[in-house]
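# Observations on chain architecture
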Amino acid sequence: PKTFTNQFNQGLAYLLEGKKYEEAKKALESAAQLNEQDASTYYVLGIVASRTENDQELTKYLKKAFALKPVLKGKALKDAEFFKYLGKEPFIEALK
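Residues numbered from 1 in each chain as written. Predicted model: local features only at pLDDT ≥ 70, side-chain atom pairs only at ≥ 80, totals over all residues. Heavy atoms only, no water.

It is worth spelling out the overall build of the chain at this point. Looking only at helices and strands, the chain features six helices and zero strands. Listing the helices and strands of the chain from first to last along the sequence gives α-α-α-α-α-α. Here the chain has a C-alpha radius of gyration of 12 Å; the compact-globule value for 96 residues is 12 Å, and the two agree. The principal-axis extents of the C-alpha atoms in the chain amount to approximately 40 × 25 × 20 Å. Out of the 96 residues in the chain, the part that is buried amounts to 41%. Nonlocal contacts in the chain, meaning residues at least 24 apart in sequence, comprise 56% of its contacts between residues at least 6 apart. Counting every atom, the chain has about 5,600 Å² of accessible surface; 53% of that belongs to carbon and sulfur. Within the chain, the 13 negative side-chain charges are centred at a point lying 3 Å from the centre of the 16 positive side-chain charges. (Helix = DSSP H or I, 4+ residues; strand = E, 2+ residues; numbered from the N terminus. Rg over C-alpha atoms; globule rule 2.2 N^0.38 Å. Buried < 20%, exposed > 50% of the residue type's maximum accessible area, 1.4 Å probe, protein only. Contact = heavy atoms within 4.5 Å. Areas by Shrake-Rupley, 256 points an atom, 1.4 Å probe, with all protein chains shown as cover. Lys, Arg positive; Asp, Glu negative; His and termini not counted. Charge placed at Lys NZ, Arg CZ, Asp CG, Glu CD.)

Here's what the structure looks like:
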């Protein structure tokens with residue numbers, strides 16, 4: 001069944017497999033529709049955007065994650081997934 005947990009876990013599994021980023025994005029976006037208040041979903045979508053170098057989506061998803069759970073800003077600053085974006089406009093914009 002398409003529950004939030006199933007969709008989130010499926011998206012995470014695709015992400016961890018590597019290179020299945022479209023599938024990961026699709027499952028995670030489905031999870032986000034099922035639970036719009038889950039900051040972790042948007043954070044992981046930010047990771048997908050980072051790995052696929054989609055600056056616009058990186059800003060959009062991280063901004064949403066940070067709005068729902070501000071403590072994630074600190075986590076993102078230390079997360080290797082975002083090191084290449086530190087000091088760059090898409091990441092700075094998300095932190096605002």
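A word on the nonpolar core. Ranked by internal contacts, the top residues of the largest apolar core, which has 26 residues, are Leu15, Tyr43, Leu62, Phe66 and Phe82. When contributions to this core are tallied by element, the ones reaching two or more residues are helix 1 (4–17), helix 2 (21–34), helix 3 (39–51), helix 4 (55–68), helix 5 (72–78) and helix 6 (89–95). Among the elements that line this core, the one with the most residues is helix 3, at eight residues. (Core = buried A, V, L, I, M, F, W, Y, C linked by side-chain atoms within 4.5 Å.)

We now examine the packing of aromatic side chains. Under the criterion given, the structure shown has four aromatic pairs. One aromatic cluster is present, built from ring pairs that chain together Tyr43, Phe82 and Phe91. (Phe/Tyr/Trp six-rings, centres within 6.5 Å; stacked < 30°, edge-to-face > 60°.)

Moving on to the pattern of salt bridges. One pass over the structure, following the stated rule, counts six salt bridges. The partner of Glu57 in a salt bridge is Lys25, and the shortest N-O contact between them spans 2.8 Å. Taken as a pair, Glu57 in helix 4 and Lys25 in helix 2 lie far apart in primary sequence, 32 residues in all. Side by side, Glu57 and Lys25 carry an identical accessibility label, which is buried. Two residues, Glu93 and Lys63, come together in a salt bridge whose shortest N-O distance is 3.6 Å. Of this pair, Glu93 sits in helix 6 while Lys63 sits in helix 4, and the two are 30 residues apart along the sequence. A residue is classified by how much of its surface remains accessible, and Lys63, at 32% relative accessible area, is partly exposed. (Salt bridge = Lys/Arg side-chain N within 4 Å of Asp/Glu carboxyl O.)

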